[in-house]
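Now for the letters of each chain:
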Amino acid sequence: MSNFKSDFLREIEARGFIHQISDPEALDAYAAKETVTAYIGFDCTGPSLHVGHLMGIMMLRRLQQAGHKPIVLMGGGTTKVGDPSGKDESRQLLTDEQIAANMASIKTAFSRFLTFGDGPKDAIMVNNAEWLDKLEYIAFLRDYGRHFSVNRMLSFDSVKLRLEREQPLSFLEFNYMILQAYDFVELGKRYGCRLQMGGSDQWGNIVNGLELGRRAAGLDLFALTCPLITTSSGAKMGKTAAGAVWLNADMRSPFDYWQFWRNTEDADVGRFLKLFTELPLDEIARLEKLEGAELNEAKKILATEATAMLHGREEAEKAANAARASFEQGSISTDLPTVEIAGFELEGGMGILNALVTANFVTSTSEARRQIKGGAIRLNDEAVSDERLTLTPAHLTDGVIKLSMGKKRHVLLKPRG
């Protein structure tokens, strides 16, 4: 452990957020005496962020709690280019309308984690299209492009990955690191922002901005990255068999979000409690020592605390109660995720294969067939072995049909009309 004097660095180090800092002593001294304005950028490639973004969001939250000012930089401009970091192939280019719609949808999650406003320590949200859309290309290259060495740009992992695998890297994407560096300079000039944070895979891009700020604008800037989170088994954080774990409730229900955290691997419980909840460290130390069935109680606490932060305490408690009713008591809870179906579908008979696709358990009837053959499917808590089974109104219990896949995925089908 370092002997940091600033509350911010001391807290995030104790909880496992720090991977690299460009100048730890100078940043610590600055954070101990002044209000630090710091930012993290989020491109608008989809309508929701996912659990993989939570490390960055939680760093901004910790920053604000320590008395500093966070900037959420929305990539309305850089999304038009596409970040090649960690990608084998080019991202699909989005229209301005798609980017605007994604940005509007993404914004909703941040209000759960940060306090926005006009005060000196309130978070602000900025769109880099404000300056990137207005760039005059030749002037930009003369003023900023001359500070970048192509030799060095070719050495970055985001570029080397594509070249080594003989995947195309467009000139458009090659410019991404310059634009990200320019963002740092603009935020430094406009808002006095001196710290950029992000995942460890962004270190090269962030340092580019730090150096560009010094060379082109005389700015004294800092870089701080967090480790990229994988589970103990090596899986990427937030990736599941059902797809990404989205932060927007309309894309991942509070119940399913709670379940994601409940399914945390044993070896990850203590680490995730430090990173993704605000429980005191001494309480976390107690919980991570639990073993066997008692460790499951720690997982439930993790699930409830993480869900409460994103969806509110009431939704978290509902999810916990629904899980208890479904898994421990074997009953049907109305707080389970509900999928509406047309009443006539049930009247005419709905095949179990199509029902599993409708419930979003599987993406195809062939996959549904495999799940049934594997014994993973239950209807109203009874095992399903016949892939030709047809659901009818006779299967309704209290107006719903409960479908389950495995022990922890449940959906209620509710007819309408």
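What comes next concerns the included structure.

A closer look at empty space enclosed by the protein
Consideration 1: Scanning all chains against the criterion turns up one cavity of 30 Å³ or more.
Consideration 2: Size it by volume and the largest cavity reaches roughly 40 Å³.
Consideration 3: If you trace the largest cavity, you find it lined by Leu-54, Met-58, Phe-113, Tyr-257, Phe-276, Ala-306 and Met-309.
Consideration 4: Breaking the lining of the largest cavity down by element, the ones donating at least two residues are α3 (54–65) and α15 (293–311).
Consideration 5: Residues belonging to the lining of the largest cavity are distributed by class as follows: seven nonpolar, no polar and no charged.

Section: the sheet that holds strand β1 (residues 20–21)
Consideration 1: The strand order β1-β6-β5-β2-β3-β4 describes an open sheet built from six strands, whose pairing is mixed. Edge positions in the open sheet fall to β1 and β4 (124–127), since each of these has one partner strand only.
Consideration 2: Bridge count between strand β2 (residues 37–43) and strand β5 (residues 195–199): two bridges; the pairing is parallel. Among the inter-strand pairings, Ala-38 is bridged to a residue of β5, identified as Leu-195.
Consideration 3: Contacts from α3 reach β2, β3 (69–75), β5 and β6 (222–226), with the element oriented near 160° to β2.

A short note on the sheet that holds strand β9 (residues 338–342)
Consideration 1: Spatially, the five strands line up as an open sheet ordered β9-β15-β14-β11-β12, and their pairing is mixed. Looking at strand neighbours, the two that pair on one side only are β9 and β12 (382–383), the edges of this open sheet.
Consideration 2: Bridge count between strand β14 (residues 401–405) and strand β15 (residues 409–416): five bridges; the pairing is antiparallel. Looking at the pairing, Leu-403 lines up with Val-411 of β15.

Notes on the packing of aromatic side chains
Consideration 1: Going through the model one piece at a time under the given rule, you end up with eight aromatic pairs.
Consideration 2: An angle of 75° between the planes, with centres 5.0 Å apart, marks the rings of Phe-260 and Trp-261 as edge-to-face.
Consideration 3: When its relative accessible area of 0% is taken as the criterion, Trp-261 is described as buried.
Consideration 4: A centroid spacing of 5.1 Å and a plane angle of 50° characterise the contact between Trp-261 and Phe-276, whose relative ring orientation is tilted.

Thoughts on the environment of Glu-297
Consideration 1: Assignment of secondary structure puts Glu-297 in helix α15.
Consideration 2: Overall, Glu-297 belongs to the partly exposed group, its relative accessible area being 42%.
Consideration 3: Expressed as a C-alpha distance, the spacing of Glu-297 and Arg-262, which sit 35 residues apart in the sequence, is 9.2 Å.

Some words on the environment of Ala-38
Consideration 1: Here Ala-38 is to be found in strand β2.
Consideration 2: Judged by its relative accessible area of 0%, Ala-38 is buried.
Consideration 3: For Ala-38 and His-68, which are 30 residues apart along the polypeptide, the C-alpha to C-alpha distance reads 8.0 Å.
Consideration 4: Among residues more than four places away in sequence, those in contact with Ala-38 are Leu-60, Leu-63, Lys-69, Pro-70, Ile-71, Cys-193, Leu-195 and Met-197.

About the cut-offs
- Sequence order as written defines residue numbering, which begins from 1 separately in each chain.
- Only residues with pLDDT of at least 70 are given local features in this predicted model, and only at 80 or more are side-chain atom pairs given and counted; all residues enter the totals for whole chains, interfaces and linings.
- As a rule here, side-chain values come from all non-hydrogen atoms in the structure, and water together with hydrogens is ignored.
- A 1.4 Å probe that fits into a set of points on a 1 Å grid over the protein atoms alone but cannot get out defines a cavity; an open set with protein on both sides within 12 Å along at least five of seven lines defines a pocket, and lining residues are those with an atom within 4 Å of a point.
- Grid points are joined across faces, edges and corners, and a volume is the space filled by probe spheres set on the points.
- Secondary structure is summarised from DSSP: a helix means a run of H or I of at least four residues, a strand means a run of E of at least two, and numbering begins at the N terminus for each.
- Polarity classes work like this: nonpolar for Ala, Val, Leu, Ile, Met, Phe, Trp, Tyr, Cys and Pro, charged for Asp, Glu, Lys and Arg, and polar for all others, with Gly in that last group.
- Think of it this way: DSSP has to see at least two bridges between two strands before they count as a pair.
- When checking whether two residues touch, look at their non-hydrogen atoms; a contact exists if any pair is within 4.5 Å.
- Only the stretch in contact is used when a helix axis is fitted, and all axes are lines through C-alpha atoms; the angle between N-to-C directions ranges over 0 to 180 degrees.
- Think of it this way: a Phe, Tyr or Trp ring, Trp meaning its six-membered ring, pairs with another when their centres are within 6.5 Å, and the plane angle makes it stacked under 30 degrees, edge-to-face over 60, tilted otherwise.
- Burial here depends on accessible area, computed with a 1.4 Å probe over protein chains only, as a share of the maximum for the residue type. Under 20% is buried, over 50% is exposed, and the range in between is partly exposed.

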